[in-house]
Amino acid sequence: MAKTLTQEFVKGLWDEIPPFRLVLGLCPVLAVTKTVENGIGMGVATTFVLVCSNILVSMLRKVIPSKVRIACFIIIIATFVTVVELVMQAFAYPLFLKLGIFIPLIVVNCIVLGRAEAFASKNNLLRSILDGMGIGIGFTLSLAALGAVRELLGSGTLTFWETPIQIMGPSFQPFTFLIEAPGAFVALGLMLCIMNLLGKK
Amino acid sequence: MGDYLVLAFSCVLINNILLAQYLGNCPFLGTSKKMETAVGMAFAVVFVLVMAGLITWVINTLVLVKFNLAYLRTIAFILVIASLVQFVEMFLKKSIPALYAGLGIFLPLITTNCAVMGVCLINVNEEYTFLQALVSSFAYAVGFGLALILFAGVRERILLARVPRPLQDTSIALVTAGILSLTFFAFRGWV
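In this text the structure is predicted, and so the values were computed from the model without any measurement.

**Q** What is the right way to look at the overall build of chain A in this model?
**A** Helix and strand content of chain A: 8 helices and 2 strands. Along its sequence from the N terminus, chain A presents helices and strands in the succession α-α-α-α-α-α-α-β-β-α. Taking 201 residues into account, the globule formula puts the C-alpha radius of gyration at 17 Å, and chain A, at 18 Å, falls close to it. Within chain A, contacts between residues at least 6 apart in sequence are counted, and of these 73% link residues at least 24 apart. As presented, chain A carries roughly 9000 Å² of accessible surface, and 72% of it is formed by carbon and sulfur atoms. Averaging the locations of the 15 positively and 10 negatively charged side chains of chain A gives two centres separated by 11 Å.

**Q** Mind showing me how you'd approach the interface of chain A and chain B here?
**A** Where interface size is quoted, it is often the accessible area lost as the parts come together. At the interface, 40 residues of chain A touch 35 residues of chain B. A buried area of about 3100 Å², summed over both sides, lies between chain A and chain B, and 82% of it is on carbon and sulfur atoms. A per-residue breakdown of the area chain A buries against chain B is headed by C27(A), V108(A) and F185(A), which together make up 21% of the total. Scanning the region where chain A abuts chain B turns up 1 salt bridge. Across the pair R188(B) and E180(A) runs a salt bridge, and its minimum N-O distance is 3.5 Å. Between the two partners, chain A and chain B, sit 3 residue pairs in polar contact (both at pLDDT 80 or more). Its residues assigned to classes, the side of chain A that touches chain B comprises 31 nonpolar, 5 polar and 4 charged.

**Q** Would you mind showing me how to read unusual backbone geometry here?
**A** With the exception of glycine, the majority of residues adopt a negative phi angle, and the majority of peptide bonds are in the trans configuration. Residues and elements named next belong to chain B. Despite not being glycine, N68 has its phi angle at roughly 60°, a positive value. If you trace the backbone, N68 turns up in the loop between α3 (35–65) and α4 (73–95). According to the relative accessible area criterion, N68 is exposed, its value standing at 66%. Even without glycine at this site, E127 takes up a positive phi of about 55°. Residue placement: E127 occurs in the loop between α6 (114–125) and α7 (130–158).

Rules and cut-offs
Residues numbered from 1 in each chain as written. Chains lettered and ligands numbered in written order. Predicted model: local features only at pLDDT ≥ 70, side-chain atom pairs only at ≥ 80, totals over all residues. Heavy atoms only, no water. Helix = DSSP H or I, 4+ residues; strand = E, 2+ residues; numbered from the N terminus. Rg over C-alpha atoms; globule rule 2.2 N^0.38 Å. Contact = heavy atoms within 4.5 Å. Areas by Shrake-Rupley, 256 points an atom, 1.4 Å probe, with all protein chains shown as cover. Lys, Arg positive; Asp, Glu negative; His and termini not counted. Charge placed at Lys NZ, Arg CZ, Asp CG, Glu CD. Buried area = accessible area lost by both parts, 1.4 Å probe. Salt bridge = Lys/Arg side-chain N within 4 Å of Asp/Glu carboxyl O. Polar contact = N/O pair within 3.5 Å; in protein donor to acceptor, adjacent residues only side chain to side chain. Nonpolar A, V, L, I, M, F, W, Y, C, P; charged D, E, K, R; others polar. Buried < 20%, exposed > 50% of the residue type's maximum accessible area, 1.4 Å probe, protein only.

Dropping the structure here:
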């Protein structure tokens, strides 16, 4: 049942797309998707950490003793998260402020640790890179989609590069419920429902 | 004293860690199917969160800030939390094996419970004093437990209801969480 390399990459985009198919890493999904931009920023940061940690874990998989593997994985992940934190602070400060506490919290994003444990520690380098990229891009797409729905209906705009673009006409009454905390849960639940309707499962 | 009460109140209800700050949602959905595991998880989190909150506060103030190592915060915090969880796991395995079996995969996952790490970071970002950090850690943990147990109760009732097929399981759980979150939303503006 060896998958081809393409399948390894593509599975993250639909079959195992987080957070819909793999219900992991929900916190950033709910918290940062008030605007499309935040969602994409968070997705890209997570993808970077995911790919880098997958690379390192895969390379070191024969060296790391299995008893302390989780601790080792977490240190590897934490290192890359620190890199992301410092880079964002230097080059994307407004976004860094908006995402705030959720950047350091990539460390505890179950998706990253989940992939390290379930995939990278058992597969070779190339496959792990593809897996990380697939899952990462899938995650970014989900965040962007959820962000787009919430922002479009909640405030009638779509934000790219810090400039909100007014999409809805002036008579549009923003559905602010979606921007607030309860709306995040409901929007994600309904999107999951739509995914279930479309999917084969 | 009054300040601490206000802080505790706002951490438990107004800024509820699960439903208003969106932290710790994986165990929230994962362990809430049964009341028993929800209660176990709630207590495990209270225990770990209070200890982690205090230890990370001490490390941050006495080591990281003092020696200008604030950029190592993420790594230092996660290490403290990971070792604490390991300790709780060993303790439960020895003394309460039934609970240990019930919590299953979610116990090691407290390490990656963003509520724990999140509260530690909030304590540092808000520049709380030691006592404030103690109160906020405990109150956040209680808020977590409260929301989790309430939610588990609701979910047990959902099992009896007829849910449309595409909405089943996680999907309906999220919508329910949204409604629960709406009730906590009502506390906003009290303080």
